[in-house]
Amino acid sequence: MKLLFVVTAFYPEQAIGSVRITKFVKFLERSGHDVTVISLEPAPWAARDESLHFPALDRMRWITVPQSALFQRVFVRARVATIGSRAAVTGGGQPGNRVSVSARIKIALQAAYTSFKALDWLIQVRKVARSRFPGERFDAIFTSYPSFGSPFSGIMLKRMGLSRTLMIDFRDPVSYGALSRFSPGRMLEQWLVRQADIASFVSSGVRTKVIGELKSDPPVSMVASNGYDPDDLVELEPVLDIKPDPAALHFAYVGSLYGGKRDLSPLFSAMAALVERRPELAGKVFFHYAGQEGALFRKQAAPFGFENQVVDRGRISRAASLGLQQAVDICLLATWNSPEDQGVLTGKIFESFLLRKTTLAIVNGPLAGSEISSIIEATGAGFCFEQAAPGDGIKLVDWLEGCAVRKSHAGEIGNFYTDSVDRYSIQNIVSELFASRTIAPSTAEVG
C-alpha cells in the first residue's frame, strides 16, 4: 500500500506520541509498504530521542515542515514569554482543586496558541503538497490527534484529492474531563470522527469516550493500542548502581505525575504496612523516580516515612529509562479511571511488556474495572490496585509480601507473563490496523 503520514509527533521528538507513530512507520516500511511522512519540525525546546531512529528513515520520502517564519517570530516568542521554553503539561493539579485565575489565563493562552499553531501548519502543509505531490494518489492518509494540526491537515489533503481514505488516530479524546455532549471539545471530536473513513483509538475507553454518543460510527473504527518493539532492547542503557540484594526491593516510576493527578500514595501506604509485618524490610525498599516531578514523588512518599528512600534520577533518555526499569524488581505505573476519563493507558506499560518486568499499576479515581487492570490480569504482568475497588488495599499488601518473599528466596520475583502479551507487539498492532481488508486500494496517480 501507498500511505501518507501527516503527523506532528514523530522522530526525533521525545514523546510517547512520537514513539507510537514512528514505530508504526518503521514496521509498515519493514513490511514492504510505500510510506511517505510529513512531520512537524520539533520546537527548539523539544527533547530529542535518538533511540527512535531506524535506518529506513534515511532512504524514505520524509519531509519535515516547520511552522511559518511569522509564527515562529511572533507566536513562539509570545508562548515562551507566557509559559516558558518547555512542553505544555496536561492534566495538572490534584483532582478537585480549584484552578487559579492566573492558571486559567495560561490555559486560555495555551489553547489560543494551539489553534493558531494548527492553522499555520496546515497552510505550510498545503504548500508542500501542491509542490511535491502534483497528481499523486495514496491509498490512505494517516493522521493522529493530538494535536489538531495533524487531522486538520489530513482532512484538507483528502479534499485536495490525494486519497479517498482518511485515517484519524485518537491517542487521547479531545474532550478530556468533559461530560456534556454540547461542550466544544465533544462537538469538535465528533466532527473529526465524521470526517474519518477509519478511526483508530489507543484504548477501548478512549473509543467509548469519543464515539459512544454518535448516532453512527465511522465506516471503520478499531482499537490500536500502543505497543512494544523488541528492537528497543538493543538501545537499552544498563544501570550499574543498583546492586543485587535478595533482601531489598527496588521500584521504578518513570514519567509524569500530572501535577498529582497520578498519586502513588497507595503504594507507599501498603509498603509501610508491609514493613510493619516484616521489619527486616526496613531500610531495604527503594523507589527510583525519573522525570521532572521528583519533588512531588518524594512528597507523596514522605507521609509514610519513605522520603529518604526515594532516588530522584531527574529527566533521562528513553534508553536510560529502559535500563532503569530493567534493573529494578517492580515497574510502577499510575493512571486514573473516572466518568470523565476512562481507558487512560500509560505507554510505560508496554515498556514493561518489552522487558517482561513485574508491574504494579496504581489506578486513582472513583471507578473500578479499569482497562489497564484487565490488560495486566490477561498478560500476567503483575498487580493492579484500584482506588475504587473494595479490598484492594489489603490485596496490595499481600501481593507485595509475595514479591518480597520470592525475591528473598530466589533472588528475583520471577516472570509470570502469558502468551497474550505478544498481541501488544508493534508489528502485530500495525498488521491489524493497516490490513488490506481495512483499506481499499486506490490508483497510484491521478490527472
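Summarised in this report is the structure supplied together with it. Keep in mind that what you see is a predicted model, and the values were worked out from it rather than measured. The residue numbering used here restarts from 1 in each chain and proceeds along that chain's sequence as written. Local features in this predicted model are restricted to residues whose pLDDT is 70 or higher, and side-chain atom pairs enter the listing and the counts only when it is 80 or higher, whereas totals over whole chains, interfaces and linings include all residues. Only heavy atoms go into the side-chain values, all of them from the structure, while hydrogens and water stay out.

What to know about the sheet that holds strand E8 (residues 249–254)
Going by this rule: Two strands qualify as a pair provided that DSSP identifies no fewer than 2 bridges between them. Here a helix means four or more residues in a row that DSSP labels H or I, a strand means two or more in a row labelled E, and each is numbered from the N terminus. In this description, a line fitted to the C-alpha atoms serves as the axis of each element, helices being fitted only across the stretch in contact, and the angle between N-to-C directions of two axes falls anywhere from 0 to 180 degrees. Note on contacts: a residue pair is in contact if any heavy atoms of the two residues lie within 4.5 Å.
Strand order across the open sheet formed by six strands is E10-E9-E8-E11-E12-E13, with parallel pairing between neighbours. Edge strands, defined here as strands with exactly one partner in the open sheet, are strand E10 (310–312) and strand E13 (382–386). Ignoring strand direction, the axes of neighbouring strands in this sheet form an average angle of 25°. In this structure, strand E9 (residues 285–290) lies alongside E10, joined through three bridges in parallel fashion. For Phe 287, the partnering residue across the bridge sits in E10 and is Val 310. Each of E8, E9 and strand E11 (330–336) touches helix H9 (residues 318–327); the most contacted strand, E8, lies at about 155° to it.

What about the packing of helix H3 (residues 101–132) against helix H4 (residues 149–159)?
As a reminder of what qualifies: Angle categories: roughly parallel below 35 degrees, roughly antiparallel above 145, roughly perpendicular from 65 to 115, and oblique for all the rest. Two helices cross in a left-handed way if the nearer one is turned anticlockwise from the farther one by less than a right angle. They cross in a right-handed way if the turn is clockwise. Classification convention: Asp, Glu, Lys, Arg as charged; Ala, Val, Leu, Ile, Met, Phe, Trp, Tyr, Cys, Pro as nonpolar; all other residues, Gly among them, as polar.
Relative to each other, H3 and H4 sit at 40°, their axes nearing to 9 Å. Viewed along their axes, H3 and H4 adopt a mutual orientation that is oblique. Considering only the axes of H3 and H4, their crossing is right-handed. Residues Ala 118, Trp 121, Leu 122, Val 125, Arg 126 and Ala 129 of H3 form the contact with H4, whose participating residues are Gly 149, Ser 150, Phe 152, Ser 153, Met 156 and Leu 157. Looking at side-chain class alone, the contact of H3 with H4 contains eight nonpolar, three polar and one charged residues.

Digging into the pairing of E8
The cut-off we apply is this: Type-normalised accessible area, obtained with a 1.4 Å probe on protein chains alone, sets the label of each residue: buried when under 20%, exposed when over 50%, and partly exposed for intermediate values. Viewed with both strands pointing away, a crossover whose connecting path from the first strand over the helix to the second turns clockwise is right-handed.
Buried residues dominate E8, accounting for six of its six residues. The alternating pattern of E8 places Leu 249, Phe 251 and Tyr 253 on one face and His 250, Ala 252 and Val 254 on the opposite face, and all of these are buried. Pairing geometry for E8 and E9, over six bridges, is parallel. Across the sheet, residue Phe 251 finds its bridge partner in E9, namely Phe 287. Chirality of the crossover, the property in question, places the unit of E8, helix H7 (residues 265–277) and E9 among those that are right-handed.

Some words on unusual backbone geometry
A cis amide bond links Tyr 11 to the next residue, Pro 12, at an omega of 10°. With respect to the helices and strands, Pro 12 occurs in the loop between strand E1 (2–7) and helix H1 (16–30). Pro 146 follows Tyr 145 through a cis peptide bond whose omega is -5°. Note on placement: Pro 146 falls in the loop between strand E4 (140–145) and H4. Notably, Tyr 258 is not glycine yet its phi reads approximately 50°, a positive angle. Residue position: Tyr 258 is located in the loop between E8 and H7. Of note, the phi angle at Arg 356 is positive, near 55°, even though the residue is not glycine. Assignment of secondary structure puts Arg 356 in the loop between helix H10 (348–355) and strand E12 (358–364). Residue Arg 356 is classed as partly exposed on the basis of its relative accessible area of 26%.

Remarks on the pattern of salt bridges
Short version of the rule: The working definition used for a salt bridge is a side-chain nitrogen of Lys or Arg within 4 Å of a carboxyl oxygen of Asp or Glu.
In total, this model carries 23 salt bridges according to the counting rule given. Across the pair Glu 136 and Lys 2 runs a salt bridge, and its minimum N-O distance is 2.7 Å. Residue Glu 136 is found in the loop between H3 and E4, and its partner Lys 2 is found in strand E1; the two are separated by 134 residues along the sequence. Close ionic contact of Arg 277 with Asp 398 constitutes a salt bridge, the shortest N to O distance being 2.9 Å. With Arg 277 in helix H7 and Asp 398 in helix H12 (residues 392–410), this residue pair connects regions lying 121 residues apart in the sequence. On the basis of relative accessibility, which here comes to 39%, the residue Arg 277 falls in the partly exposed class.

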